[in-house]
Amino acid sequence: MDLTSPPAPPADPLGAALHHLRMDGAWYFRSELTEPWRLDLPPMSDCLWFHVVTAGRYWLSVPGQPPRQVSPGELVLVPHGQGHELCSEPGLPAPPVIQDIPHEQISERYAILRHGGGGAPTSLVCGAVRFDHPTGYGLMARLPRLMAVADPALDATLRLLAAEARELRPGGETVITRLADVLVIQAIRSWLGTDPAARAGWLGALRDPQVGRAVALVHREPARAWTVASLAAAVAMSRSAFAARFTDLVGEPVMQYVTRWRMHVAAGRLRSGEASVAAVARQLGYQSEAAFSRAFKRIAGVSPGSVRRAGPLVELLR
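From a predicted model like this one, the values you see are computed outputs, not experimental measurements.

Trainee: Please set out the pairing of strand β10 (residues 121-131) residue by residue, giving values where relevant.
Mentor: The buried fraction of β10 is high, at eight of 11 residues. As defined by bridge partners, strand β3 (residues 48-55) adjoins β10 across seven bridges and the pair is classed as antiparallel. By the bridge assignment, Val52 is partnered in β10 with Val125.

Trainee: Outline helix α8 (residues 239-250), supporting the account with residue identities and numerical values.
Mentor: Spacing of three or four residues puts side chains on the same side of an α-helix, whose turn is 3.6 residues. Its 12 residues place the ends of α8 16 Å apart at the C-alpha level, agreeing with the 16 Å of an ideal helix rising 1.5 Å per residue. Listing the buried residues of α8 in full gives Phe242, Phe246 and Val250. Down the axis of α8, the buried set is contained in an arc of 35°. They therefore lie on one face. Seen from the buried face of α8, the exposed residues on the opposite side, beyond 90 degrees, are Ser240 and Asp248. For α8, the elements touching its buried residues are α5 (201-205), α6 (211-220), α7 (228-234) and α9 (254-272).

Trainee: Outline unusual backbone geometry, supporting the account with residue identities and numerical values.
Mentor: Residue Glu35 is joined to Pro36 through a cis peptide bond whose omega torsion reads -10°. Note on placement: Pro36 falls in the loop between β1 (23-34) and β2 (38-41). The backbone of Ala236 sits at a positive phi, close to 60°, despite the residue not being glycine. Tracing the sequence through the fold places Ala236 in the loop between α7 and α8. Looking at Ala236, the relative accessible area reads 67%, which means it is exposed.

Trainee: Talk me through the nonpolar core; I want residue IDs and the actual numbers.
Mentor: Most often, soluble globular proteins have nonpolar side chains that are buried together. Ranked by internal contacts, the top residues of the largest apolar core, which has 74 residues, are Leu48, Phe50, Leu231, Phe242, Phe292 and Phe296. Setting aside residues up to four positions removed in sequence, Phe50 forms contacts with Tyr28, Leu75, Val76, Leu77, Val125, Cys126, Gly127, Ala128, Val129, Ala180 and Val184. One finds Leu41, Val70, Leu113 and Leu146 within the second-largest nonpolar core, a separate group that totals 24 residues.

Trainee: Account for the packing of aromatic side chains, naming residues and giving values.
Mentor: Throughout the structure, instances matching the rule amount to five aromatic pairs. Taking the centre distance of 5.6 Å and the plane angle of 65° together, the rings of Tyr286 and Phe292 count as edge-to-face. According to the relative accessible area criterion, Tyr286 is buried, its value standing at 17%. Pairwise contacts between aromatic rings join Phe242, Phe246 and Tyr257 into one cluster.

Trainee: Residues and numbers for the pairing of strand β7 (residues 84-87), please.
Mentor: The two faces of a sheet get side chains in turn, since along a regular strand they alternate between them. Because side chains alternate across β7, one face comprises the buried residues His84 and Leu86, and the other comprises Glu85 and Cys87, equally buried. As paired elements, strand β4 (residues 58-61) and β7 share three bridges and run antiparallel to each other. When the bridges of β7 are listed, Leu60 appears paired with Leu86.

Trainee: Explain the pattern of salt bridges to me, using residue names and the numbers behind them.
Mentor: If you walk through the whole model with that rule in mind, you get nine salt bridges. Between Glu32 and Arg30 there is a salt bridge; the shortest N-O distance is 2.6 Å. Classification of Arg30 as buried rests on a relative accessible area of 6%. In this structure, Arg114 engages Glu104 in a salt bridge whose closest nitrogen and oxygen atoms are separated by 3.4 Å.

Trainee: I'd like a description of the sheet that holds β2, backed by residues and values.
Mentor: Strand order in the open sheet made by the four strands is β2-β7-β4-β5, with antiparallel pairing throughout. Edge strands, defined here as strands with exactly one partner in the open sheet, are β2 and β5 (68-70). The average angle at which neighbouring strand axes cross in this sheet is 25°, direction not considered.

Trainee: So what about the side chain of Arg260? Which residues, and what values?
Mentor: If you trace the backbone, Arg260 turns up in helix α9. Here Glu252 takes part through its side chain, which lies 3.1 Å from a polar atom of the side chain of Arg260.

Trainee: I'd like to hear about the packing of helix α3 (residues 155-166) against helix α4 (residues 172-194), residue by residue, with values.
Mentor: Contact geometry of α3 with α4 gives a least axis separation of 10 Å together with a crossing angle of 155°. The orientation of α3 with respect to α4, classified from their angle, is roughly antiparallel. The chirality of how α3 crosses α4 is left-handed. The segment α3 lies against α4, with Thr157, Leu158, Leu160, Leu161, Glu164 and Ala165 engaging Gly172, Val175, Ile176, Leu179, Ala180, Val182, Leu183 and Gln186. A class-by-class count of the residues in the contact of α3 with α4 yields 10 nonpolar, three polar and one charged.

Trainee: So what's going on with the confidence of the model for the chain? Residues and values would help.
Mentor: Of all residues in the chain, 89% attain a pLDDT of 70 or more, and the chain-wide mean is 84. Ranking the elements of the chain by mean pLDDT puts helix α1 (residues 13-19) last, at 71, and α8 first, at 96.

Rules behind the numbers
Residues numbered from 1 in each chain as written. Predicted model: local features only at pLDDT ≥ 70, side-chain atom pairs only at ≥ 80, totals over all residues. Heavy atoms only, no water. Buried < 20%, exposed > 50% of the residue type's maximum accessible area, 1.4 Å probe, protein only. Helix = DSSP H or I, 4+ residues; strand = E, 2+ residues; numbered from the N terminus. Pairing = 2+ DSSP bridges. Expected span 1.5 Å × (residues − 1). Arc of directions from axis to C-beta. Contact = heavy atoms within 4.5 Å. Core = buried A, V, L, I, M, F, W, Y, C linked by side-chain atoms within 4.5 Å. Phe/Tyr/Trp six-rings, centres within 6.5 Å; stacked < 30°, edge-to-face > 60°. Salt bridge = Lys/Arg side-chain N within 4 Å of Asp/Glu carboxyl O. Axes fitted to C-alpha atoms, helices over the stretch in contact; angles between N-to-C directions. Polar contact = N/O pair within 3.5 Å; in protein donor to acceptor, adjacent residues only side chain to side chain. Parallel < 35°, antiparallel > 145°, perpendicular 65-115°, else oblique. Left-handed = near helix turned anticlockwise from the far one by under 90°. Nonpolar A, V, L, I, M, F, W, Y, C, P; charged D, E, K, R; others polar. pLDDT = per-residue confidence, 0-100.

Here it is in structure tokens:
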């Protein structure tokens, strides 16, 4: 690959990262609930759960976190796919598994669920989504175990979602799922701007005007034959100054991060099952499957073949 003409780095690296938060919805549902009610939601591996209350209030319980009451205007995310409980009040007996609760299947991935004892009503829009880009699931790994966001910037989207949920008009399923995806991205953007945890490692480095653009270039073109010199040239820095600042902000040397990112991309492609180990090696610029496999095992601690056989999605980014 020609290194004499490096690609132009993005002007807004953090914005470029958000651009890659494309979601693949595993399941969305609207719930019409009446007190007393309780929903036990199962673990969903590699998914982010979200809940929007459009009418009423409810209690949320996530393992390892104290129960909290959620009101209209709040968006709750359970980023790591943990099983958790929603209920009208704590302490209610366990309900049937959610799949056995009466529901109207609107499409393959969208349903309307009706449940409860006939008392005061609560309406929710919930879903479990996966990110389909390495930047997305790398970012998701950094999120806290529970996020409750009450940001005025979300109000307009929340109102639109509530209006659509009140009456499912033609095309309403598509509108609700798209609005839900927008809300998730808005919540993550709010977290990026307020939580100190978002200012460390590669994610924090995206805010730096030069190192951030270099990180974005690596994310955009992982197969390119990057060197410290080519990345420094792309962001108009001397090699030595760039290498020192990169290590200081990201927490590891440039080429170590480049390799880690490639293996992070590889893990996602392997787990999808759409490409063989040899194909992924070629896609990421490796001349042989053996060289790629050695690099992958050194970084991930497991063989690429084990990940392709539906193994765990290894977390490779700090």
